[in-house]
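# Inside the fold
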Amino acid sequence: MPDRPERFADALRTAIDARGLGLDRITEHLAQRGVSVSAATLSYWRSGRSEPGRRSSLAALPHLEDVLDLPSGSLTATLPSTRERTPRRAVRGLDVLWPEEPHSAVLGRLDTSWDTELARVSVHDILRLGPDRRQVRLTVRQAMRARADGPDRRVVMHAQDDLGAGLPEIRPLRGCALGRVERDPEAGVVGAELLFFRPLRRGETVIVKYDVISPAPGPCEREYTRRLRLPMREYLLEVAFDRRALPASVAAFIEGREQPISLDEDRRAHLVHTDTAPGTTGIRWSWPSS
């Protein structure tokens, strides 16, 4: 088999430099074509830290070639064949939630072998914002039921768009201990294994609670999103605002649909979903102009 003419990273880097486009601008061009590839993923590809391997990534390459004014198939030709690729440990479905290359790389270094054997019963998220409008702490409580004998851990992932802020610390509070932690500061991603105190029996339930504590100053975000891969009995999200930094507007969203919501007497916005289907939901807010 002839050698590849050049590495994928080299070909991509040369093309990007020749085209003179920033990564954010490239992602905008791709989005106009209905293709979703993040700037962080492009950065990974350009540096050689990862290569397109997923079906969605490979399907994006013809569009990327077009945006970069490259001949059709020129980037694809620099990739190894399927036979040459080193198989990556399967993540048992969590890659559906985290398909982006940097996120899936973090996920791939964690033991997700029991994920599909844990039915989600309920999740309760409480996000607290400080007087500087930045995130201070996220508290998560999850109730799960074992579908089989043996589950001994739950893998959790948290991502932030504010890459200028440091990554948070994950601190167990109930029902678990902290196992392996993997981070990618450049992508704003942290993942961790929450280890149960003993393996579960089939039908047994477990409740875990943990904090995600942001270093000061925390990330400055305008929404909180929960990705739901499996059906769930109940999902509850609360966003607690500081009395010195109240939002101009707040809205709940699910799968692209928005609905305005009000703060309660404790300056909290919340949403509740029961018998939820897989998808994306959350709360977003805007700040008053100063």
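Notes on the structure in this doc start here. (Residues numbered from 1 in each chain as written. Predicted model: local features only at pLDDT ≥ 70, side-chain atom pairs only at ≥ 80, totals over all residues. Heavy atoms only, no water.)

### Let's talk about the environment of Leu 107
Rules: Comment: elements are numbered from the N terminus, with helices defined as DSSP H or I runs of at least four residues and strands as E runs of at least two. A 1.4 Å probe rolled over the protein chains alone gives each residue an accessible area, and that area as a share of the maximum for its type sets the label: buried under 20%, exposed over 50%, partly exposed in between.
Here Leu 107 shows up in helix H5 (residues 101-108). We classify Leu 107 as buried; its relative accessible area is 0%.

### Details of the sheet that holds strand S1 (residues 118-129)
The cut-off we apply is this: Pairing between two strands requires that DSSP report at least two bridges joining them. Axis definition: a line fitted to C-alpha atoms, over the contacting stretch in the case of helices. Angles run 0 to 180 degrees between N-to-C directions.
Judged by pairing direction, the sheet is mixed, and its six strands sit side by side in the order S4-S7-S2-S1-S9-S12 without closing on themselves. Two strands in the sheet have a free side with no partner beyond their single neighbour: strand S4 (169-174) and strand S12 (268-276). Strand-to-strand, the axes of this sheet are offset by a mean angle of 15 degrees, without reference to chain direction. Alignment of S4 against strand S7 (residues 205-213), held across five bridges, turns out to be antiparallel. Directly across from Ile 170, in S7, lies its bridge partner Val 212.

### Quick look at the packing of helix H2 (residues 23-32) against helix H3 (residues 39-47)
Stated formally: Note on convention: near helix rotated counterclockwise from far helix by under a right angle means a left-handed crossing. Clockwise means right-handed. Residue contacts follow a heavy-atom distance rule, with two residues in contact if any of their heavy atoms lie within 4.5 Å. Classes in brief: Ala, Val, Leu, Ile, Met, Phe, Trp, Tyr, Cys and Pro nonpolar; Asp, Glu, Lys and Arg charged; the others, Gly included, polar.
Orientation of H2 relative to H3, taken along the N-to-C sense of each, is 115 degrees, at an axis distance of 9 Å. As H2 runs across H3, the sense of the crossing is right-handed. Contacts from Leu 23, Asp 24, Ile 26 and Thr 27 of H2 reach H3 at Ala 39, Leu 42, Ser 43 and Arg 46. Across the contact of H2 with H3, the residue classes break down as four nonpolar, two polar and two charged.

### Description of the packing of aromatic side chains
How we decide: Whether two aromatic rings pair depends on their centres lying within 6.5 Å, for rings of Phe, Tyr and Trp, where Trp uses its six-membered ring; planes under 30 degrees apart make the pair stacked, over 60 edge-to-face, and the rest tilted. By definition here, charges over rings are those cases where NZ of Lys or CZ of Arg is within 6 Å of the ring centre and within 35 degrees of the ring normal.
This model, assessed by the stated rule, comprises three aromatic pairs. Relative to Trp 285, the ring of Phe 241 lies with its centre 5.8 Å away and its plane at 85 degrees, an arrangement referred to as edge-to-face. Here the residue Phe 241 occupies a position in the loop between strand S9 (232-240) and strand S10 (249-254), and Trp 285 occupies one in strand S13 (residues 279-286), the gap between them amounting to 44 residues. For the pair shown, Phe 241 and Trp 285 are each scored as buried. Pairwise contacts between aromatic rings join Phe 241, Trp 285 and Trp 287 into one cluster. A cation over an aromatic ring shows up here: Arg 284 above the ring of Phe 253, its NZ or CZ 3.9 Å from the ring centre.

### Some thoughts on the packing of helix H1 (residues 8-19) against H3
Look at H1 against H3: their axes get within 6 Å of each other, and the N-to-C directions meet at 115 degrees. Between H1 and H3, the residues in contact are Phe 8, Ala 9, Leu 12, Arg 13 and Ile 16 and Leu 42, Trp 45, Arg 46 and Ser 47, respectively. Classifying every residue of the contact of H1 with H3 gives six nonpolar, one polar and two charged.

### Considerations on empty space enclosed by the protein
What counts, and what does not: Here a cavity denotes grid points, spaced 1 Å and computed from the protein atoms alone, that fit a 1.4 Å probe unable to get out, and a pocket denotes an open set having protein on both sides within 12 Å along at least 5 of 7 lines; residues with an atom within 4 Å of a point are the lining. Grid points are joined across faces, edges and corners, and a volume is the space filled by probe spheres set on the points.
Across all of its chains, the model carries one cavity of 30 Å³ or more by this definition. Here the largest cavity defines a volume of roughly 30 Å³. In terms of residues, the lining of the largest cavity owes the most to one element, strand S3 (residues 153-159), which gives three residues. In terms of residue class, the lining of the largest cavity is made up of three nonpolar, two polar and four charged.

### Digging into the nonpolar core
Just so we agree on the cut-off: What makes a nonpolar core is a set of buried Ala, Val, Leu, Ile, Met, Phe, Trp, Tyr and Cys residues whose side-chain atoms join them at distances within 4.5 Å.
Core analysis: the largest hydrophobic core is formed by 35 residues, its most contacted members being Ile 170, Val 239, Phe 241, Ile 283 and Trp 285. Not counting the four nearest positions on each side in its chain, Ile 283 is found in contact with Glu 223, Tyr 224, Leu 237, Val 239, Val 250, Ala 251, Ala 252, Phe 253, Ile 261, Ala 269, His 270 and Leu 271. Core analysis: the second largest hydrophobic core is formed by 20 residues, Ala 11, Leu 23, Val 37 and Leu 75 among them.

### Description of the pattern of salt bridges
This is how it is decided: Whenever Lys or Arg places a side-chain nitrogen within 4 Å of a carboxyl oxygen from Asp or Glu, that contact is recorded as a salt bridge.
Enumeration according to the criterion identifies 20 salt bridges in this entry. Asp 10 serves as the salt-bridge partner of Arg 7, at 3.3 Å between the closest nitrogen and oxygen. Judged by relative accessible area, Arg 7 falls into the partly exposed class, the value being 41%. Across the pair Arg 13 and Asp 10 runs a salt bridge, and its minimum N-O distance is 2.5 Å. You can see Arg 13 and its partner Asp 10 sitting in helix H1, three residues apart, about one turn around the helix. With relative accessibility at 24%, the residue Asp 10 sits in the partly exposed group.

### Considerations on the pairing of S7
One ladder, built from nine bridges, connects strand S2 (residues 135-146) with S7; its direction is antiparallel. Paired with Ala 143 across the bridge in S7 is Ile 207.

### What about the environment of Pro 231?
If you trace the backbone, Pro 231 turns up in the loop between strand S8 (223-228) and S9. With a relative accessible area of 52%, Pro 231 lands in the exposed category. Residues contacting Pro 231, with those up to four places away along its chain left out, are Arg 120, Thr 276 and Pro 278.

### Some thoughts on unusual backbone geometry
With the exception of glycine, the majority of residues adopt a negative phi angle, and the majority of peptide bonds are in the trans configuration. Between Ala 216 and the following residue, Pro 217, the backbone shows a cis peptide bond with an omega angle of -10 degrees. In this structure, Pro 217 sits in the loop between S7 and S8.

Just geometry here; none of it tells us what the structure is for.
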